[in-house]
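Spelled out, the chains give:
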Amino acid sequence: MKKLFAVPVLALALGACAQAPHEPAPGSAAVTADRAAPALDEATLSAYDWRLTGAVDRHGKPIEALRVGLERPLRLSFSGRSLSVQGGCNTQFGGYALESGALRVEGLAATMKACAPELMRLDAGIAARLKGRLAARIEGGAQAPRLVLTTAGGDALAFAGVPTPETRYGGPGETVFLEIAPERVACSHPLIPDHRCLRVRERRYDAAGVLQPPAADWQTLYQPIEGYEHRDGEHAILRVKRFTDPHPPTDRSSRVYILDLVVQR
C-alpha cells in the first residue's frame, strides 16, 4: 500500500497590536515601528493571511461587536486587487486599492447564511469598519508582520500576518481532490503509540463537475491534512492544495496537503 505524508502546520506566535490616531494606550494593542517592516503593497498583503488580534475604539476601549472575531479569529486575505473577510458567519469580499499610507475598500458583498447572533454582529461590525479610506501601515519584520488599519472615526484594527502556504512553500501548489474514508486505520508512528491514520484516495471531476469513478487505490496518510478535522464515521471529499516542502525533515515526505474546501461530507 502506498503511503503519503503531510507536514504539520507551521505554528506562529504573534502578538496583538495596533497604534493609530486616537489609538489604545501602550500595553493594550500598541506596537513600536520596525524599520525592517515589509512595504505596504499588493505583494506583501497577498503573501499573508491577516488574523485579527486587536480592535479598539478611539478611546482605547475594546470594540464589543468584534470581540468574537479575536477568538475565531477573523481573517483578511488579499489576492491581486481583491479582498476577502472570513471567520464570521458569511464570507465578505470586494475590491481594494492602495493609496499613500492608506487602504481604500470598495463596497463589500457577502454570502447570505444565517448564524448565531454574535456572528451576525461580527459580520456587521467588520463591514461597517472596512469601507472607504482607512489609514494603513505594516509593522514588524517579514517573519511576523502586523497590519494596522484605522478608520476615519478612530477605530484601530490590528492583524497579525501568517504566511500563506504559497509563501511558505514558494509556489502556487497543485489542486487535487481527496476522498476520505470514514474510519481511520492503525498505523505505526515512532512517537505516538496506537496511532491511527486517515485513508485517502485521489478523485477527479469532469468538465461538467461530475465526480468520476475512483481510479486510485486507498492510501494511508500518516498525518492529518492541514486545516481538516476528521470525524470518525464520516465520509468526505476534500479539495486540497498539494505543495512540495523544499526543506522537509529527514523523517518526513516533501509533500504537504492543505485543506482548501470541504466538497462533500
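Residues numbered from 1 in each chain as written. Predicted model: local features only at pLDDT ≥ 70, side-chain atom pairs only at ≥ 80, totals over all residues. Heavy atoms only, no water.

Now for the overall build of the protein chain. Each helix and strand in the protein chain was counted, giving four helices and 16 strands. Across the 265 residues in the protein chain, those meeting the buried criterion constitute 40%. Considering only intrachain contacts with a sequence separation of at least 6, the fraction spanning at least 24 residues in the protein chain is 62%. With an accessible surface of roughly 13900 Å², the protein chain has 52% of that area assigned to carbon and sulfur atoms. (Helix = DSSP H or I, 4+ residues; strand = E, 2+ residues; numbered from the N terminus. Buried < 20%, exposed > 50% of the residue type's maximum accessible area, 1.4 Å probe, protein only. Contact = heavy atoms within 4.5 Å. Areas by Shrake-Rupley, 256 points an atom, 1.4 Å probe, with all protein chains shown as cover.)

Both trends apply: most residues other than glycine have a negative phi, and most peptide bonds are in trans. The linkage connecting Arg 72 with the following residue, Pro 73, adopts the cis geometry, with an omega of -5°. With respect to the element layout, Pro 73 can be found in the loop between α2 (67–71) and β3 (75–79). A positive phi is found at Asp 194, a non-glycine position, where the angle reads about 55°. Note that Asp 194 resides in the loop between β12 (185–186) and β13 (196–203).

What follows deals with the side chain of Asp 155. Mapped onto the elements of the fold, Asp 155 is located in the loop between β9 (146–150) and β10 (156–163). In this structure the side chain of Asp 155 is engaged in a polar contact, spanning 2.9 Å, whose partner is the side chain of Arg 129. In this structure, Asp 155 is in contact with Val 56, Asp 57, Arg 58, Ile 63, Arg 129, Leu 149 and Thr 150, ignoring residues within four places of it in sequence. (Polar contact = N/O pair within 3.5 Å; in protein donor to acceptor, adjacent residues only side chain to side chain.)

Given 3.6 residues per turn, any residue in an α-helix points the same way as the ones three and four places further on. Taking 1.5 Å of rise per residue, the 13 residues of helix α3 (residues 117–129) would be expected to cover 18 Å, and the 19 Å separating its terminal C-alpha atoms lies within 8% of that figure. Residues Leu 119, Leu 122, Asp 123, Gly 125, Ile 126 and Arg 129 constitute the buried set of α3. (Expected span 1.5 Å × (residues − 1).)

Now for the environment of Thr 175. Its place among the elements puts Thr 175 in strand β11 (residues 174–180). Separated by 84 residues in sequence, Thr 175 and Leu 259 place their C-alpha atoms 9.9 Å apart. The residues contacting Thr 175, other than those within four sequence positions of it, are Arg 239, Val 240 and Lys 241.

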